[in-house]
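What the coordinates show
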Amino acid sequence: MKIKFKLNGQAVETDIRPDAFLIDVLRDLDCLGVKKGCDTGTCGACTIHVDGKPALACVQLAAKADGQEILTIEGVRDQAKEIGRYLVAEGVEQCGYCSPGTIMSILYLEEQIANPSDEEILYYLNGNLCRCSGYTGQLRAIRAYMDSKYKEVNKNETCA
Amino acid sequence: MKHVLNSPPKKDGMQLVQGYPVYTDDIAPKNALIVKVLRSPHAFARIKTIKTDTAKKIPGVVCVLTWKDVPRVPYTRAGQCYPELSAYDKFILDEYVRHVGDDVAIVAAKDEATADKALRLLKVDYEILNPVLDMENAIDHETVVHPEPELFTHINVGCEPKRNIACEVGIELGNLDEALANSDYVFKARYNTQAQAQAMLESQRSYSYLDQNGRLTVVSSTQIPYHTRRILARALELPRHQIRVMKPRIGGGFGSKQTAHSEFYPALVTHLTGKPAKIVYSRKDVFRGTTSRHKMRFDITLGMDNEGMIKAIQMDGLSDTGAYGEHAQTTFGAAGKKVLTLYNKVKACKFHGRVVYSNNVPGGALRGFGVTQGTFALESAINEACRTLNLDPIEVRRMNMIKKGETTPLINMTTKGAGDEPINMDSCLLENCVASGMELFDWDAKKKKHESLNQDSHLKYGVGMAIAQQGSGLPNIDMASATIRLNDDGFFTLLTGSTDIGTGSDTAMAQIAAELLDVPLEKVIVHASDTDTTPYDSGAYASSTTYTTGNAVIDAANKMVTAIRETGAKFFNSSPENILYKDETISCESSGESIDLASFSNKIMYNMIHTQLSVTGSFVPKKTAPPYMAGFAEVCVNTRTGETKVTDFVGVVDCGTPINPNLARIQAEGGISQGIGMALIEDVQVSDNGTLQTDTFMTYKIPARRDVPNIRVALAKGYDETGPFGAKSIGEVVINTVAPAITDAIENAIGVRIRSLPATPEKVLLASLEGVRVAEENIETSSSC
């Protein structure tokens, strides 16, 4: 079957199997930053944004994407770079396999709460599993990123 | 130092976080055949027939292979140096399936849907056999897991397959009976550790193709490219020179990829069809078709005097290796030798036990590699004895643990090629780890605070601690090598066979090289893990890369500096002793001339001398260089639900010089988190017929962000003279103290001792209710009197 959707800002029309999962279709479309970790929507490695909200590509049927706006890590490379700098500064990207999904969740959190508390960070990212880092260092990195963003925003507002 | 003891970001970090295609499945050829494995639904069965003709007729199915189509050569999948200590007990496919998930048939098709369809249409007629699932009953069970005559071991490890014994391990020092008889107090208890899954986020996967010369090339998410080449060659009956194994970026290992798994199937398909082939394990494939931590049981007997001096330790154990014996002997042996050597003041100690075959999913390597299991048992027993005798566990550790400069003959007895000379632990900072950990944790103040917090509350706080060690590579077994080339424009290529599995070891190796080559880090390009182009390395296991490969890089870098000076002498028409290399400049002291490295490399390559400087260094660990750790846990137990929350964890690690302190700290934080999972949550569970009840992340839970506290780690300021710039290992030691510290904290909080991991809410609640029931019965009995 044919579906049409917006992928990282571009209109896409593709032929899919009716039982295809979105993750496989996205990876076929060269969005290889979307990672498969568990096949059951549990680990968060495949986190993308669907119509502006985080979603798990490994458990969403691709057919449902018809008419939707899909955003993957490939569509937010600049922001990923900015957040990524904080992660690599702490060494908490480690194997890196969970990083793109985690960054997609961080971006959503940022949209929802300008300067989240530690508890809010943990709450919003609880669905993004990481086996390497133990999370503590990731919290340090995300805290530092959020603090710097918040400062920047506040500074700009003062200037305006 | 410019690079060592600094924390530059990992060289690959920015590419990884932005999701660039760098992992195995990202770079596999798009036209690769999709390979899938049909897995056994039965724990033990003989395949009577497999009907393949319907599956073969599906358009797009390229091959269907059963046990009749593959070479019948026994081998071990364990990634160990040859000759391995693991039994050769596995065939690619066999007439017998020995665990739920064991491989039955291989299918290759043009796409995933076709391969799945073919799997569904394979009709297998099984003769279901009676499985042996309880390790306690495995020895001399009527079911023999490996009746086949081909099974053999290279080295006598006490393997008796007809009795379901994979191996036997015994270590003994002094006269145990006498030491126990001379003890004021003898403590005995039984401890069980569960099968834990590695749960790396990237599953096993690999792809293969024939190169331009018709050689089989396998790209795999592996920790052991060189061992994989050797194992594949044997299994496929190909000469080793016909195989190349490469490793791209790896999405985590933790030991899961120290056993070859996914490689056989696409490699065989490519070998037979000439076509590129790929397999990506589903999470179910990982749980059912690979390995988990060996389940172990230890009976501990501890002899102490009233002051807390430990006189005797006996560890009598049993380990379940499941259907195949990968890493059976080595994990179990480590549970003895790397645990008992912590307590060097005993009069006698004895470790004995067997590893048994069963029809469970095989045991394998997982961070800590047996030491984790042994540490849980012994540290728990010492903590329990302390509570019974009302002794301070920290003081008892101070009295009994190994200290700087000390040794025990056990180290000689358990280290290959060690000789008789005492091997002193000159870099051991365990004492400092305990002292500074206690301070950082605020042990005494916390205990005081809990007294008031716990009053009249259903939330009870408690504290516990434990100590542990591990190794740094395997002395006289592991070997690493590194090649360094000077390129034009003055940058270096560092070729190593070591396998960065996400830890950042490529970056640490570059830091070591850059330090000695006196260049900025970006001028050391690391290329690793390609059996055709990089020099041999035994692999990323046994906490070896920083220590073993690091030393090989030092050897190579020193040789490169010598080569630069020798070539500089030719360049300046002088002799090497007059040539100085520093700060990317080669200068001739006698003539006062100098040239920068970039111009020098351009000139010697393009204009004069016409050479490329290339050197290779290598290293074999000679002396054991154990890292040490003290771990302190604070828990809060909800007495209404039995739920345990870790509210604080402090780990102080002696890893010698941390080459990259940030990356070292994350190893510790990650290991502690994995330890919390083992202590409280994780358990590979099997039903009565051997079916896995936990084969997805929905049923097998690993710690999420809110399951771990803010882990606090400190690195002791250590230095081991045999390590690169003083470094020892850190990757594995960090998991060992966690479970015994947490279960001790639970006892401190609510008076309940969990001796069988994990300490789930159900177990804790039942045990505490049992305690209440016993107490009530005692009251009733006394009142009736």
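Residues numbered from 1 in each chain as written. Chains lettered and ligands numbered in written order. Predicted model: local features only at pLDDT ≥ 70, side-chain atom pairs only at ≥ 80, totals over all residues.

Thoughts on the overall build of chain B
A count of helical and extended segments in chain B gives 21 helices and 28 strands. Taking 2.2 N^0.38 as the reference for a compact globule, 785 residues should give roughly 28 Å; the C-alpha atoms of chain B span a radius of gyration of 28 Å, in line with that estimate. By its C-alpha atoms, chain B is 105 × 75 × 50 Å across when sized along the principal axes. Expressed as a percentage of its 785 residues, the buried residues of chain B come to 59%. Long-range contacts, defined as pairs at least 24 residues apart, comprise 80% of the intrachain contacts of chain B with a sequence gap of at least 6. (Helix = DSSP H or I, 4+ residues; strand = E, 2+ residues; numbered from the N terminus. Rg over C-alpha atoms; globule rule 2.2 N^0.38 Å. Buried ≥ 20, exposed ≤ 12 C-beta atoms within 10 Å, placed from the backbone. Contact = placed C-beta atoms within 7 Å.)

Overview of the overall build of chain A
What chain A contains, in helices and strands, is five helices and five strands. Across chain A, helices and strands are ordered from the amino to the carboxyl terminus as β-β-α-β-β-β-α-α-α-α. In terms of overall dimensions, chain A is globule-like: its C-alpha atoms have a radius of gyration of 16 Å, near the 15 Å expected for 160 residues. Viewed in the frame of its principal axes, chain A has a C-alpha envelope of about 50 × 40 × 25 Å. Looking at chain A as a whole, 52% of its 160 residues qualify as buried. Of the contacts formed within chain A by residues at least 6 apart in sequence, a portion of 59% connects residues at least 24 apart.

Details of the sheet that holds strand β28 (residues 711–715) of chain B
Residues and elements named next belong to chain B. Taken in spatial order, the four strands make up an open sheet running β18-β26-β27-β28, and their pairing is mixed. Two strands bound the open sheet, and with one partner strand each, they are β18 (459–469) and β28. In this sheet, adjacent strand axes meet at a mean angle of 10° when their direction is disregarded. Relative to β28, strand β27 (residues 644–654) is paired through five bridges, and the arrangement is parallel. Following the sheet pairing, phenylalanine 649 is matched in β28 by isoleucine 711. (Pairing = 2+ DSSP bridges. Axes fitted to C-alpha atoms, helices over the stretch in contact; angles between N-to-C directions.)

Details of the interface of chain A and chain B
On the chain B side, the residues contacting the 42 residues of chain A number 47 residues. Elements with a minimum of two residues in the side of chain A that touches chain B: α2 (77–90), α3 (99–112), α4 (118–125) and α5 (136–159) of chain A. Per-element accounting of the side of chain A that touches chain B gives the leading share, eight residues, to α2 of chain A.

Points about the pairing of strand β16 (residues 348–357) of chain B
Residue and element names in this part refer to chain B. Counting buried residues in β16 gives eight out of ten residues, a clear majority hidden from the surface. In the sheet, strand β7 (residues 165–173) pairs with β16 via eight bridges, with the strands oriented antiparallel. Residue pairing for β16: isoleucine 171 is matched across the bridge by phenylalanine 351. Handedness of the crossover joining strand β15 (residues 310–322) and β16 through helix α9 (residues 328–340): right-handed. (Right-handed = clockwise from strand over helix to strand, strands pointing away.)

Notes on the domain arrangement of chain B
Residue and element names in this part refer to chain B. Assigned domains within chain B: domain 1 (13–129 + 204–280), domain 2 (292–473 + 623–770) and domain 3 (480–619). Distance from the C-alpha centre of domain 1 to the C-alpha centre of domain 2: 35 Å. Across the contact, 20 residues belong to domain 1 and 22 residues belong to domain 2. Residue classes in the side of domain 1 that touches domain 2 are distributed as seven nonpolar, eight polar and five charged. (Domains from an automatic or database assignment. Nonpolar A, V, L, I, M, F, W, Y, C, P; charged D, E, K, R; others polar.)

Focus: helix α10 (residues 371–389) of chain B
All names here are of chain B. Taking 1.5 Å per residue, 19 residues should reach 27 Å; α10 reaches 26 Å between its end C-alpha atoms and fits that length. α10 sits mainly inside the fold: 16 of its 19 residues count as buried. Following α10 by one or two positions, asparagine 390 adopts a phi angle in the positive range, close to 55°. (Expected span 1.5 Å × (residues − 1).)

Quick look at the domain arrangement of chain A
All names here are of chain A. Split into domains, chain A comes out as domain 1 (2–72) and domain 2 (75–159). For domain 1 and domain 2, the distance between their C-alpha centres works out to 22 Å. Between domain 1 and domain 2, the residue contacts involve 15 residues of the former and twelve residues of the latter. Among the elements that line the side of domain 1 that touches domain 2, the one with the most residues is strand β3 (residues 47–50), at three residues. Grouping the constituent residues of the side of domain 1 that touches domain 2 by class yields six nonpolar, eight polar and one charged.

Brief notes about the sheet that holds β3 of chain A
All names here are of chain A. Spatial strand order, β2-β1-β5-β3-β4: five strands in an open sheet with mixed pairing. Edge positions in the sheet fall to β2 (10–15) and β4 (53–56), since each has one partner strand and no second. Taken pair by pair, the neighbouring strands of this sheet meet at an average axis angle of 40°, ignoring direction. In this sheet, strand β5 (residues 69–71) lies alongside strand β1 (residues 2–7) in parallel orientation, the contact comprising two bridges. From the neighbouring strand, lysine 6 faces β5, where its bridge partner is glutamate 69.

With respect to helix α6 (residues 225–236) of chain B
Residue and element names in this part refer to chain B. Helix length check: α6 (twelve residues) gives 16 Å between terminal C-alpha atoms against 16 Å at 1.5 Å per residue, within 8%. With ten of twelve residues buried, α6 lies mostly within the body of the structure. Three or more residues of α6 are buried, namely Pro225, Tyr226, His227, Thr228, Arg229, Arg230, Ile231, Leu232, Ala235 and Leu236. Its buried side turned inward, α6 meets β10 (216–220), β11 (243–246) and α7 (264–273).

Quick look at the packing of α6 of chain B against α7 of chain B
All names here are of chain B. Relative to each other, α6 and α7 sit at 55°, their axes nearing to 11 Å. With respect to each other, α6 and α7 are oriented oblique. Considering only the axes of α6 and α7, their crossing is right-handed. Mapping the contact onto sequence places Leu232, Ala235 and Leu236 in α6 and Phe264, Ala267, Leu268 and His271 in α7. (Parallel < 35°, antiparallel > 145°, perpendicular 65-115°, else oblique. Left-handed = near helix turned anticlockwise from the far one by under 90°.)

Description of the nonpolar core
All names here are of chain B. The biggest cluster of nonpolar side chains holds 284 residues, and the ones touching the most others in it are Val107, Leu494, Ala513, Val653, Ile742 and Ile746. Here this core takes ten residues from helix α18 (residues 661–681), the largest share from any one element. With residues up to four places along the chain from it excluded, the contact list for isoleucine 742 reads Gly464, Ala633, Val635, Val646, Ala679, Leu680 and Ala759. (Core = buried A, V, L, I, M, F, W, Y, C linked by C-beta atoms within 7 Å.)

Concerning the confidence of the model for chain B
In this model, chain B carries a mean pLDDT of 97, and residues with pLDDT of at least 70 account for 98%. Both confidence scores are given for the complex: pTM 0.97, ipTM 0.97. (pLDDT = per-residue confidence, 0-100.)

Side note on the pairing of strand β2 (residues 45–51) of chain B
All names here are of chain B. Where β2 lies against strand β4 (residues 96–97), two bridges are found, and the strand directions are antiparallel. Directly across from arginine 46, in β4, lies its bridge partner tyrosine 96. Sheet analysis places β2 next to strand β6 (residues 123–128), joined by six bridges and oriented antiparallel. Residue pairing in the sheet places isoleucine 47 in a bridge with tyrosine 126 of β6.

Points about the environment of threonine 54 of chain B
All names here are of chain B. Mapped onto the fold, threonine 54 is located in helix α3 (residues 53–57). Owing to 14 C-beta atoms within 10 Å, threonine 54 belongs among the partly exposed residues under this scheme. A sequence separation of 497 residues divides threonine 54 from asparagine 551, and the C-alpha atoms of the two residues are 57 Å apart.

Some points on unusual backbone geometry
All names here are of chain B. Residue tyrosine 82 is joined to proline 83 through a cis peptide bond whose omega torsion reads -5°. Looking at the element boundaries, proline 83 is found in the loop between β3 (61–65) and β4. Put simply, leucine 757 and proline 758 share a cis peptide bond, and its omega is -5°. Secondary-structure assignment places proline 758 in the loop between α20 (738–750) and α21 (761–784).

Brief notes about the environment of proline 59 of chain B
All names here are of chain B. Along the polypeptide, proline 59 turns up in the loop between α3 and β3. The exposure class of proline 59 is exposed, given the 7 C-beta atoms found within 10 Å. Here the alpha-carbon distance between proline 59 and valine 650, two residues 591 residues apart in the chain, equals 59 Å.

Regarding the environment of glycine 336 of chain B
All names here are of chain B. In this fold, glycine 336 is placed in helix α9. With 26 C-beta atoms counted inside 10 Å, the residue glycine 336 sits in the buried group. Sequence-wise, glycine 336 and isoleucine 171 are 165 residues apart; in three dimensions their C-alpha atoms are separated by 7.6 Å. Excluding residues that lie within four positions of it along the chain, glycine 336 makes contacts with Val169, Ile171, Met315, Phe351 and Gly374.

Quick notes on the packing of helix α15 (residues 505–517) of chain B against helix α16 (residues 545–571) of chain B
All names here are of chain B. At a minimum axis distance of 9 Å, the contact between α15 and α16 shows a crossing angle of 30°. The angle between α15 and α16 falls in the class roughly parallel. As for how α15 packs across α16, the hand of that crossing is right-handed. Contacts between α15 and α16 involve Ser505, Ala508, Met509, Ile512, Ala513, Leu516 and Leu517 from the former and Thr545, Thr546, Thr549, Gly550, Val553, Ile554, Ala557, Asn558, Met560 and Val561 from the latter. Of the residues in the contact of α15 with α16, the class split is eleven nonpolar, six polar and no charged.

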